[in-house]
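One letter stands for each residue in the lines below.
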Amino acid sequence: MSRPDRTNPTEERQRQRIAEEWDEAHFGTHCVNCVPGDCPIYVLVKDGKVVREEAAGVREQVEPGVPDMNPMICQKGLAWSLEMEAPERIKYPLRRAGERGEGRWERISWDEALTEIADAMLDAIEEIGPESDRA
């Protein structure tokens, strides 16, 4: 059974504009710590780098009389690509090298970081209990 074409004229114009202005466009979503989440977005690529996201606006209307959810994305989602190349982005594990608040850090391996985190969690569970929020 073939699925009827659900592309609307607005979506078709959006797809055409994207194809003309960008090297690549991919369909994606940002769904971490987000409510209601799963916002459909176009991830736009220029010269091999993600440089922009745009609300895709492709959610289907639940039923007639109920407003649809289009477009659906927040400012945090639209700014995600800015964080990918931000100079202050942390790209590897760090351990505090001074007193809290000093801003001094040392780079450590992933194995070392995961071991320290797991040990701290186990210590908190043993000392305080499984409801501990210390770790």
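Everything below is about the structure printed above this text.
Everything in this summary refers to the structure shown in the same document. (Residues numbered from 1 in each chain as written. Predicted model: local features only at pLDDT ≥ 70, side-chain atom pairs only at ≥ 80, totals over all residues. Heavy atoms only, no water.)

## Digging into helix H4 (residues 110-127)
Compared with the 26 Å implied by 1.5 Å per residue over 18 residues, the 26 Å span of H4 between its first and last C-alpha is a close match. Backbone geometry just after H4 places Gly 129 at a positive phi near 120°. (Helix = DSSP H or I, 4+ residues; strand = E, 2+ residues; numbered from the N terminus. Expected span 1.5 Å × (residues − 1).)

## As for the pattern of salt bridges
Applying the stated rule across the entire model yields 5 salt bridges. With a closest N to O distance of 2.8 Å, Glu 54 and Arg 52 form a salt bridge. Residue Arg 95 pairs with Glu 112 through a salt bridge whose shortest N-O separation is 2.5 Å. Here Glu 112 lies in helix H4 and Arg 95 lies in strand E4 (residues 94-96), a separation of 17 residues in the sequence. Assessed through its relative accessible area of 23%, Arg 95 is described here as partly exposed. (Salt bridge = Lys/Arg side-chain N within 4 Å of Asp/Glu carboxyl O. Buried < 20%, exposed > 50% of the residue type's maximum accessible area, 1.4 Å probe, protein only.)

## Some points on the environment of Glu 24
You can see Glu 24 is positioned in strand E1 (residues 24-28). Classification of Glu 24 as partly exposed rests on a relative accessible area of 38%. Between the C-alpha atoms of Glu 24 and Gly 48, which are 24 residues apart in sequence, the distance is 8.3 Å. Apart from residues lying up to four places away in sequence, Glu 24 is in contact with Val 43, Leu 44 and Val 45. Here the side chain of Glu 24 touches His 26 through a polar contact of 2.7 Å, side chain to side chain. (Contact = heavy atoms within 4.5 Å. Polar contact = N/O pair within 3.5 Å; in protein donor to acceptor, adjacent residues only side chain to side chain.)

## Some words on the pairing of strand E3 (residues 49-55)
The pairing of strand E2 (residues 41-46) with E3 spans 6 bridges and is antiparallel. Within E3, the residue paired with Val 43 across the bridge is Glu 53. Where E2 folds back on E3, the antiparallel hairpin that results is connected by 2 residues, among which Asp 47 adopts a positive phi of roughly 55°. (Pairing = 2+ DSSP bridges.)

## Details of unusual backbone geometry
The backbone phi angle of Asp 47 is positive, close to 55°, even though this residue is not glycine. Judged by relative accessible area, Asp 47 falls into the exposed class, the value being 68%.

## Structural notes on the packing of aromatic side chains
Throughout the structure, instances matching the rule amount to 1 aromatic pair. Ring plane angle 75° and centroid distance 6.0 Å describe the contact between Phe 27 and Tyr 42, whose orientation is recorded as edge-to-face. With a gap of 15 residues between them, Phe 27 in strand E1 and Tyr 42 in strand E2 connect regions that are remote in the sequence. Since its relative accessible area comes to 53%, Phe 27 is described here as exposed. Directly above the ring of Tyr 92 sits Arg 107, whose terminal nitrogen or CZ lies 3.7 Å from the centroid. (Phe/Tyr/Trp six-rings, centres within 6.5 Å; stacked < 30°, edge-to-face > 60°. Lys NZ or Arg CZ within 6 Å of the ring centre and 35° of its normal.)

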